[in-house]
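Residue strings, one per chain:
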Amino acid sequence: MNELVLQSTVNVDLGPLSYQIAIAPNSLENLGSLLADLNLGKKILVVSNPIVADYYGERAIASLSAAGFSVSSHLIPAGERYKTLDSIQTLYDKALEQRLERSSTLVALGGGVIGDMTGFAAATWLRGINFVQVPTSLLAMVDASVGGKTGVNHPQGKNLIGAFYQPRLVHIDPEVLKTLPEREFRAGMAEVIKYGVIWDNDLFVRLEGATALNSFLAIDPELLNIILTRSCQAKAEVVSQDEKESGVRAILNYGHTIGHAIESLTGYETINHGEAVAIGMVAASEIAVRLGLWDRECGDRQLALLQKTGLPTQIPASVSVEDILDTLQTDKKVKAGRVRFILPTGIGEVKITDAVPNDTLRDVLADLGASNSNSGY
């Protein structure tokens with residue numbers, strides 16, 4: 001499958017902050033020339049984690065050096081639990097050591113955690129320096145690297161500390177997915193399915209037609225290109241309409257409201273982001289069915305896609321209904337004390353509402369496996 005070369009470019013239209021998402025297999029060696037075209041300063045700091053750096057760090061740095069950049073690197077341990085202000089401080093220390101200037105660039109080589117942290121550091125170092133995303137996980141390619149959301153976690157909630165800060169370029173080489181663990185690939189597919197539900201009925205139908213969706217090797221190159229391109233297009237279209245989530249952009253949080261609570265309550269270790277989003281999508285679907293917003297058949301179609309991908313669809317028994325309800329109150333989407341939910345109304349359509357009855361929410365959480373006793377978290 002790796003012999004077929006497909007390439008796409010998606011534009012994120014944000015006026016003077018516009019940028020491109022370049023999708024090209026076997027193109028990591030071209031990173032330096034792509035950045036040279038952006039008229040950046042000479043100093044680049046590549047931020048990654050040890051696992052990704054072992055696979056791709058040398059190739060990325062060699063490409064940047066060959067293009068005439070002065071390159072240094074900084075590693076942050078892998079894992080959501082390191083997405084903290086303490087990790088950002090180590091990045092600031094490296095930026096100071098390397099004397100990064102306002103014309104300098106931070107390059108995020110890694111998944112969503114590295115991208116979010118690097119973007120936040122870029123937004124805040126010297127009040128803002130250049131930032132380039134080179135995502136290496138499916139989740140980062142289709143979601144985290146696009147749209148300018150950056151930040152770190154607070155012990156009591158996910159991404160509570162952050163900023164909107166757009167990259168200069170998103171460079172996607174699908175071939176790096178061949179080293180991605182299958183569990184992480186499946187996690188990224190949760191976000192792809194999300195785009196089908198909230199925005200792109202055709203993408204959803206194409207996913208339904210696939211024989212398997214649970215690994216890089218199970219998906220042919222043409223479908224993978226469609227998945228990457230259409231997912232990026234969906235997010236680009238939404239972000240172009242609403243950069244800072246004052247309106248329609250909130251629909252990108254489909255599955256994330258309850259999903260973020262589950263992540264937080266399991267210590268960002270037991271359940272990864274994509275798995276939590278999948279569970280959150282099932283919960284949102286069930287709420288929508290019970291409120292008469294969409295029919296059971298649509299809910300079953302979404303459930304079948306998540307199951308075909310091998311994603312979890314039940315809340316861990318260690319998490320209680322009360323803990324989820326308490327955690328929802330710290331969510332960024334709370335407005336005037338009311339939790340806003342993104343609920344589906346049809347394949348490709350959702351609505352934003354804060355009118356979910358508490359009894360309905362409790363019943364859905366319990367039916368999906370949440371316990372009725374305190375979990376201890």
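All of these numbers come straight from a predicted model, not from anything done at the bench. (Residues numbered from 1 in each chain as written. Predicted model: local features only at pLDDT ≥ 70, side-chain atom pairs only at ≥ 80, totals over all residues. Heavy atoms only, no water.)

Draft legend 1. Inspection of the pattern of salt bridges at higher detail. Going through the model one piece at a time under the given rule, you end up with 22 salt bridges. We note a salt bridge from K83 to D116, for which the minimum N-O separation is 2.6 Å. Within this pair, whereas K83 is found in the loop between strand 4 (70–75) and helix 3 (85–97), its partner D116 is found in helix 4 (residues 112–124), the two being separated by 33 residues in sequence. Linking E191 and K194 is a salt bridge whose minimum nitrogen-to-oxygen distance equals 2.8 Å. With E191 and K194 both in helix 6 (residues 182–198) and 3 residues apart, this pair spans about one turn of that helix. Members of the salt-bridge network, linked through shared partners, are E80, K83, D116, K158 and E263. (Salt bridge = Lys/Arg side-chain N within 4 Å of Asp/Glu carboxyl O. Helix = DSSP H or I, 4+ residues; strand = E, 2+ residues; numbered from the N terminus.)

Draft legend 2. The arrangement of the side chain of S137 in detail. Summarising the element assignment, S137 is placed in the loop between strand 6 (130–135) and helix 5 (138–144). From its side chain, S137 meets the backbone nitrogen of A140 in a polar contact 3.1 Å long. Among residues more than four places away in sequence, those in contact with S137 are G110, G111, G112, L177 and L180. (Polar contact = N/O pair within 3.5 Å; in protein donor to acceptor, adjacent residues only side chain to side chain. Contact = heavy atoms within 4.5 Å.)

Draft legend 3. Seen up close, helix 3. Over its 13 residues, helix 3 runs 18 Å from end to end, which matches the ideal 18 Å to within 8%, given 1.5 Å per residue. All of the buried residues along helix 3 are S87, I88, L91, Y92, K94 and A95. Down the axis of helix 3, the buried side of the element spans an arc of 160°, and every buried residue falls inside it. Exposed residues lying more than 90 degrees from the buried face of helix 3 are D86 and E97. Against strand 3 (43–48), strand 4, strand 5 (105–110), helix 4 and strand 7 (149–154) lie the buried residues of helix 3. R99 lies just past helix 3 and shows a positive phi near 55°. (Expected span 1.5 Å × (residues − 1). Buried < 20%, exposed > 50% of the residue type's maximum accessible area, 1.4 Å probe, protein only. Arc of directions from axis to C-beta.)

Draft legend 4. Region of the structure containing the UniProt feature "binding site: NAD(+)" (unreviewed entry) in the chain. The feature "binding site: NAD(+)" (unreviewed entry), as annotated in UniProt, sits at G112, V113, I114, G115, D116, T136, S137, K149 and K158 in this numbering. Mapped onto the elements, I114 comes out in helix 4. Dropping the residues within four chain positions of it, I114 is found in contact with V47, S48, N49, I76, A108 and L109. (UniProt positions renumbered as here; feature names shortened; annotations may be inferred.)

Draft legend 5. Region of interest: the packing of helix 6 against helix 7 (residues 201–209). Packing of helix 6 against helix 7 leaves a shortest axis separation of 6 Å and a crossing angle of 130°. As judged from the angle between their axes, helix 6 and helix 7 are oblique. Of the residues in helix 7, those touching helix 6 at M189, V192, I193, Y195, G196 and V197 are N201, L203, F204 and L207. Classifying every residue of the contact of helix 6 with helix 7 gives 8 nonpolar, 2 polar and no charged. (Axes fitted to C-alpha atoms, helices over the stretch in contact; angles between N-to-C directions. Parallel < 35°, antiparallel > 145°, perpendicular 65-115°, else oblique. Nonpolar A, V, L, I, M, F, W, Y, C, P; charged D, E, K, R; others polar.)

Draft legend 6. Just the environment of L368, in detail. With respect to the element layout, L368 can be found in the segment after helix 13 (358–367). Looking at L368, the relative accessible area reads 8%, which means it is buried. Remark: the alpha-carbon pair of L368 and N225, spanning 143 residues in sequence, is separated by 34 Å. Setting aside residues up to four positions removed in sequence, L368 forms contacts with V282, A283, T313, Q314 and I315.

Draft legend 7. Region of interest: the pairing of strand 6. The buried fraction of strand 6 amounts to 6 of the 6 residues, a majority that puts the element mostly inside the structure. With burial as the criterion, each face of strand 6 is covered, one bearing N130, V132 and V134 and the other bearing F131, Q133 and P135. Bridge count for strand 5 against strand 6 is 6 bridges, and the pairing is parallel. By the bridge assignment for strand 6, L109 is matched with V134. As a crossover connection, the stretch from strand 5 through helix 4 into strand 6 is right-handed. The pairing of strand 6 with strand 9 (residues 169–172) spans 2 bridges and is parallel. Within strand 9, the residue paired with V132 across the bridge is L169. (Pairing = 2+ DSSP bridges. Right-handed = clockwise from strand over helix to strand, strands pointing away.)

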